[in-house]
Amino acid sequence: MAADEPDEGFKVTDRRRRADDDAAPPRGVTAPPPPPREPTGVAERSLVGLFMMLGSSALMALGEAADPMTGERQQDLPGAADVIDVLLLLREKTEGRRSAEETQVLDELLYDLQLRYVNATKRSG
């Protein structure tokens, strides 16, 4: 660039509002859209849903339910034991903070899974 040519740089204008600035926001600037909501009909997230999801995983690991991806049943007793342990941990850590429905679902699920696990270990040797 020659010394007699003007500098053709760019200009930066700070349009952020400051706490002590009482001026209105620049025209054309709108608030960001709210985060997307779940589609209607989708179940609300809950502990019961989490318990049922983990219970389904345990049933697949016990070989009592088919894997939805492959359609095959495979037994993985150590994996089933791990899932049951996670449910036991959740029961311990959420004690006193669950609803009556959540407590009932969790207790019944654990009882059922533990019985199935004992029966599966007896069958496998």
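Another point: the overall build of the protein chain. Secondary structure summary: the protein chain contains three helices and zero strands in total. Scanning the protein chain from its N terminus toward the C terminus, one meets helices and strands in the order α-α-α. Across the 125 residues of the protein chain, 19% fall into the buried class. Put simply, of all contacts in the protein chain between residues at least 6 apart along the chain, 56% involve residues at least 24 apart.

Its place among the elements puts Glu 102 in helix α3 (residues 100-124). Although buried, Glu 102 forms no salt bridge, and the nearest oppositely charged side chain, Arg 98, lies 6.0 Å from it. In terms of polar contacts, Glu 102 uses its side chain to reach the backbone amide nitrogen of Ser 99, at 2.8 Å. Sequence-distant contacts of Glu 102, defined by excluding residues within four places in its chain, comprise Leu 47, Val 48, Phe 51 and Arg 97.

If you look at the biggest cluster of nonpolar residues, it comprises 15 residues, and the most contacted ones within it are Phe 51, Leu 62, Leu 87, Leu 106, Leu 109, Leu 110 and Leu 113. Mapped onto this core, the elements with two or more residues apiece are α1 (47-61), α2 (77-93) and α3.

The residue Leu 77 is located in helix α2 in this model. It is 9.4 Å that separates the C-alpha atoms of Leu 77 and Ser 124, two residues lying 47 residues apart in sequence. Contact partners of Leu 77, with chain neighbours within four places excluded, come to Ala 61, Leu 62, Tyr 117, Ala 120, Thr 121 and Ser 124.

Right, let's talk about the pattern of salt bridges for a bit. Any two side chains of opposite charge can pair, given that their charged atoms come close. Evaluation of the coordinates by the stated rule reveals four salt bridges. Asp 107 is paired through a salt bridge with Arg 91; the nearest N and O atoms lie 3.6 Å apart. Linking Asp 107 in helix α3 with Arg 91 in helix α2, this pair joins segments that are 16 residues apart in sequence. Residue Arg 91 is classed as partly exposed on the basis of its relative accessible area, which comes to 30%. Through salt bridges with shared partners, one network takes in Glu 64, Asp 112 and Arg 116.

What follows deals with α3. Between its terminal C-alpha atoms α3 stretches 36 Å, which fits the 36 Å expected from 25 residues at 1.5 Å a residue. Along α3, the positions that sit buried rather than exposed are Glu 102, Val 105, Leu 106, Leu 109, Leu 110, Leu 113 and Ala 120. In the core, the buried residues of α3 are packed alongside α1 and α2. Backbone geometry just after α3 places Gly 125 at a positive phi near 130°.

So, how was this worked out
- Residues numbered from 1 in each chain as written.
- Predicted model: local features only at pLDDT ≥ 70, side-chain atom pairs only at ≥ 80, totals over all residues.
- Heavy atoms only, no water.
- Helix = DSSP H or I, 4+ residues; strand = E, 2+ residues; numbered from the N terminus.
- Buried < 20%, exposed > 50% of the residue type's maximum accessible area, 1.4 Å probe, protein only.
- Contact = heavy atoms within 4.5 Å.
- Lys, Arg positive; Asp, Glu negative; His and termini not counted.
- Salt bridge = Lys/Arg side-chain N within 4 Å of Asp/Glu carboxyl O.
- Polar contact = N/O pair within 3.5 Å; in protein donor to acceptor, adjacent residues only side chain to side chain.
- Core = buried A, V, L, I, M, F, W, Y, C linked by side-chain atoms within 4.5 Å.
- Expected span 1.5 Å × (residues − 1).

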